[in-house]
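Residues per chain are reported as follows:
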Amino acid sequence: KQEVTQIPAALSVPEGENLVLNCSFTDSAIYNLQWFRQDPGKGLTSLLLIQSSQREQTSGRLNASLDKSSGRSTLYIAASQPGDSATYLCAVLPNTDKLIFGTGTRLQVFP
Amino acid sequence: GAVVSQHPSWVICKSGTSVKIECRSLDFQATTMFWYRQFPKQSLMLMATSNEGSKATYEQGVEKDKFLINHASLTLSTLTVTSAHPEDSSFYICSGETGLAFEQYFGPGTRLTVT
């Protein structure tokens, strides 16, 4: 059974720091992996999607890497800003079409 | 990008009543729609998967007679919580999938409170 874990569970940093959020999954047989952002009481915003054949994806200050063989993905946030404060979720798509979500990392960036 | 809407965004109902939540894909046709629920400070849990014109497939532990799902068209799915109880209070989120690259687009969620 696929399980997805995110570390750390919570993170509080001053503005300007470069951040690393980790996601691990137990079964390397995945079709893709997505990173989402969720603001309190809101739905999910897709940040990056990495296909299983890809190693990384970049969008602005965000960079996500994927190492399928080790069951890991990392989300890098460069030059963090208070507006980046949110919960970040990773989700894997096994070779079915049901996303399996991680436990989330609650990020707070203070001025 | 693909946009999914949900209505209502929040609802309060009395115990024993039924509540219907709508999920619409606004600018794409969703061959498959998913319904999730999320408890405070927890991650999303898939409740059911629905394909247009077919019966929904429910995840283990989800009562299909309590959570009625209808996917009448390629742009609309509804979730009806029947005989709601306080323990059904949760955040319900839907998503739509185009079938291309299996990417899901999520709605803004519906906060249900049962008193």
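Scroll up to find the structure.
Residues numbered from 1 in each chain as written. Chains lettered and ligands numbered in written order. Predicted model: local features only at pLDDT ≥ 70, side-chain atom pairs only at ≥ 80, totals over all residues. Heavy atoms only, no water.

### With respect to the overall build of chain B
Scanning chain B from terminus to terminus reveals zero helices and eleven strands. Ordered by position from the N terminus, the helices and strands of chain B form the series β-β-β-β-β-β-β-β-β-β-β. Since a compact globule built from 115 residues should have a radius of gyration of about 13 Å, the 13 Å found for chain B is in line with a globular shape. If one aligns the C-alpha atoms of chain B with their principal axes, the spans along those axes are about 40 × 25 × 20 Å. Within chain B, contacts between residues at least 6 apart in sequence are counted, and of these 54% link residues at least 24 apart. Total accessible area on chain B stands at roughly 5600 Å², and carbon and sulfur atoms take up 54% of it. Once the 9 positive and 10 negative side-chain charges of chain B are each reduced to a mean point, those two points are 8 Å apart. (Helix = DSSP H or I, 4+ residues; strand = E, 2+ residues; numbered from the N terminus. Rg over C-alpha atoms; globule rule 2.2 N^0.38 Å. Contact = heavy atoms within 4.5 Å. Areas by Shrake-Rupley, 256 points an atom, 1.4 Å probe, with all protein chains shown as cover. Lys, Arg positive; Asp, Glu negative; His and termini not counted. Charge placed at Lys NZ, Arg CZ, Asp CG, Glu CD.)

### Overview of the pairing of strand β3 (residues 19-25) of chain A
All names here are of chain A. On β3, burial follows the alternation: Leu19, Leu21, Cys23 and Phe25 on one face are buried, whereas Val20, Asn22 and Ser24 on the facing-out side are not. Taken together, the four bridges between strand β1 (residues 4-7) and β3 define a ladder with antiparallel strand orientation. Along β3, the bridge assignment pairs Ile7 with Asn22. The pairing of β3 with strand β8 (residues 72-77) spans six bridges and is antiparallel. Its bridge partner being in β8, Leu19 is matched across the sheet by Ile77. (Buried < 20%, exposed > 50% of the residue type's maximum accessible area, 1.4 Å probe, protein only. Pairing = 2+ DSSP bridges.)

### Re the side chain of Thr74 of chain A
Position of Thr74 of chain A among the secondary structure elements: in strand β8. Other than its neighbours up to four places away in sequence, Thr74 of chain A contacts Val20, Leu21, Asn22, Trp35, Asn63, Ala64 and Ser65 of chain A.

### Describing the packing of aromatic side chains
Taken as a whole and assessed by the stated rule, the structure comprises eight aromatic pairs over all chains. Look at Phe101 of chain A and Tyr36 of chain B: their rings are 5.6 Å apart centre to centre, the planes differ by 90°, and that puts the pair in the edge-to-face class. Taken as a pair, Phe101 of chain A in strand β10 (residues 100-101) and Tyr36 of chain B in strand β4 (residues 32-38) lie in two separate chains rather than in one. Summarising the burial analysis for this pair, Phe101 of chain A and Tyr36 of chain B share the class buried. Three or more aromatic residues joined by ring pairs form one cluster here, namely Phe36 and Phe101 of chain A together with Phe34, Tyr36 and Phe106 of chain B. (Phe/Tyr/Trp six-rings, centres within 6.5 Å; stacked < 30°, edge-to-face > 60°.)

### Topic: the state of the cysteines
Joining two cysteines, a disulfide is a covalent bond between their sulfur atoms. For the coordinates displayed, the defined rule picks out two disulfides over all chains. Paired by a disulfide, Cys23 of chain A and Cys90 of chain A hold their sulfur atoms 2.0 Å apart. Since a negative S-S torsion denotes a left-handed disulfide, the Cys23 of chain A-Cys90 of chain A link at about 70° is right-handed. Residue Cys23 of chain A is found in strand β3, and its partner Cys90 of chain A is found in strand β9 (residues 86-94); the two are separated by 67 residues along the sequence. For Cys23 of chain A, a relative accessible area of 2% translates into the label buried. Relative accessible area serves as the criterion here: at 0%, Cys90 of chain A is assigned to the buried category. Linked covalently through their sulfurs, Cys23 of chain B and Cys94 of chain B form a disulfide whose S-S length is 2.0 Å. Measuring handedness by torsion sign, the sulfur bridge of Cys23 of chain B and Cys94 of chain B sits at about 85° and is right-handed. Here Cys23 of chain B is found in strand β3 (residues 19-25), whereas its partner Cys94 of chain B is found in strand β9 (residues 90-97), with 71 residues between them in sequence. (Disulfide = S-S within 2.5 Å.)

Read these as layout, nothing more, since geometry by itself doesn't imply function.
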